[in-house]
Amino acid sequence: MVVKVYGAGYGSAKRVIACLIEKEIEFETIPIDLLKGEHKDPHFLQLQPFGVVPVIQDGDYTLFESRAIIRYYAEKYKAQGTDLLGKTIEERGVVEQWLEVEAHNFHPPVYNLVLHTLFSSKLGFPADQKVIQESEEKLGKVLDIYEERLSKCKYLGGDFFSIADLSHLPFAQYLVGDLGKEHMVRRRKNVSRWWDDISNRPSWKKALDVCNP
């Protein structure tokens, strides 16, 4: 069964695509243009009542929220492709911990930077410089904690690549790319080493090719 991924051109959907590639799961992408309001189409709202991408359809099974999706496939196909969860319940606990850190500590300030720096004019509102400054300060503090964590282990969840690392890829890519804030990564030796490692994985390079043809 081929998995359908709706909204593959957007950041959070790239998280799902990278996971499917790591798990060697066949998929197809279905574009959703947010700027044209396609996420408010009644058909799409039947799949995702909040009108947010991504959404997957796997046969008659539908799931939204990107981190829920990557958890689902990492567990369902645990023995296939890359093990993204760890071998013990303790390793799984640490992976889940850092996935939560990504969602609640890393993602919000980067998302605000992306929104106010890259998309405010397209969405019709002025960029808030105070939000930009505060978000960069918050992100810097988060990355300082990452620097300490990554001085002790190769990846956030331990010595193996996991969904905790994978989940950072889309918005860290914005940070070092379109946002022009690569210095925030490079001035932290261990974060820089970690980013070079995860961003050069074949799955991420392929995900970028799929989502940005």
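A few points on the structure. (Residues numbered from 1 in each chain as written. Predicted model: local features only at pLDDT ≥ 70, side-chain atom pairs only at ≥ 80, totals over all residues. Heavy atoms only, no water.)

### What to know about the overall build of the protein
- A count of helices and strands for the protein gives 10 helices and four strands.
- For the protein, the succession of helices and strands along the chain, N to C, is β-α-β-α-β-β-α-α-α-α-α-α-α-α.
- Computed over C-alpha atoms, the radius of gyration of the protein comes to 17 Å, within 12% of the 17 Å expected from 2.2 N^0.38 for 213 residues, which places it in the range of a compact globule.
- Based on the C-alpha atoms only, the size of the protein along its principal axes is roughly 50 × 45 × 30 Å.
- Taking all 213 residues of the protein together, the buried fraction comes to 49%. (Helix = DSSP H or I, 4+ residues; strand = E, 2+ residues; numbered from the N terminus. Rg over C-alpha atoms; globule rule 2.2 N^0.38 Å. Buried < 20%, exposed > 50% of the residue type's maximum accessible area, 1.4 Å probe, protein only.)

### As for the nonpolar core
- With 56 residues, the main nonpolar core has F106 and Y146 as its most contacted residues.
- In terms of residues, this core owes the most to one element, helix α4 (residues 89–123), which gives eight residues.
- Beyond its immediate chain neighbours, meaning those up to four positions away, F106 contacts V101, L139, V142, L143, Y146, H168, F171 and A172. (Core = buried A, V, L, I, M, F, W, Y, C linked by side-chain atoms within 4.5 Å. Contact = heavy atoms within 4.5 Å.)

### Some remarks on helix α1 (residues 11–22)
- Relative to the 16 Å expected for 12 residues at 1.5 Å per residue, α1 spans 17 Å between its end C-alpha atoms, a close match to the ideal helical length.
- Within α1, burial applies to G11, S12, A13, K14, R15, V16, I17, A18, C19, L20, I21 and E22.
- Positive backbone phi, approximately 60 degrees, marks E24, located one or two places after α1. (Expected span 1.5 Å × (residues − 1).)

### Some words on the packing of aromatic side chains
- Using the criterion set out here, one finds 11 aromatic pairs in the structure.
- Judged by centre distance (6.1 Å) and plane angle (15 degrees), the rings of Y73 and Y77 are stacked.
- With relative accessibility at 0%, the residue Y73 sits in the buried group.
- The class for Y77 is partly exposed, based on a relative accessible area of 23%.
- Ring plane angle 50 degrees and centroid distance 5.4 Å describe the contact between F171 and Y174, whose orientation is recorded as tilted. One end of the pair is F171 and the other is Y174, both in helix α7 (residues 169–176) and three residues apart, which spans about a single turn. We note that F171, like Y174, is buried.
- Just above the ring of Y174 sits the side chain of K14; from NZ or CZ to the centre is 6.0 Å. (Phe/Tyr/Trp six-rings, centres within 6.5 Å; stacked < 30°, edge-to-face > 60°. Lys NZ or Arg CZ within 6 Å of the ring centre and 35° of its normal.)

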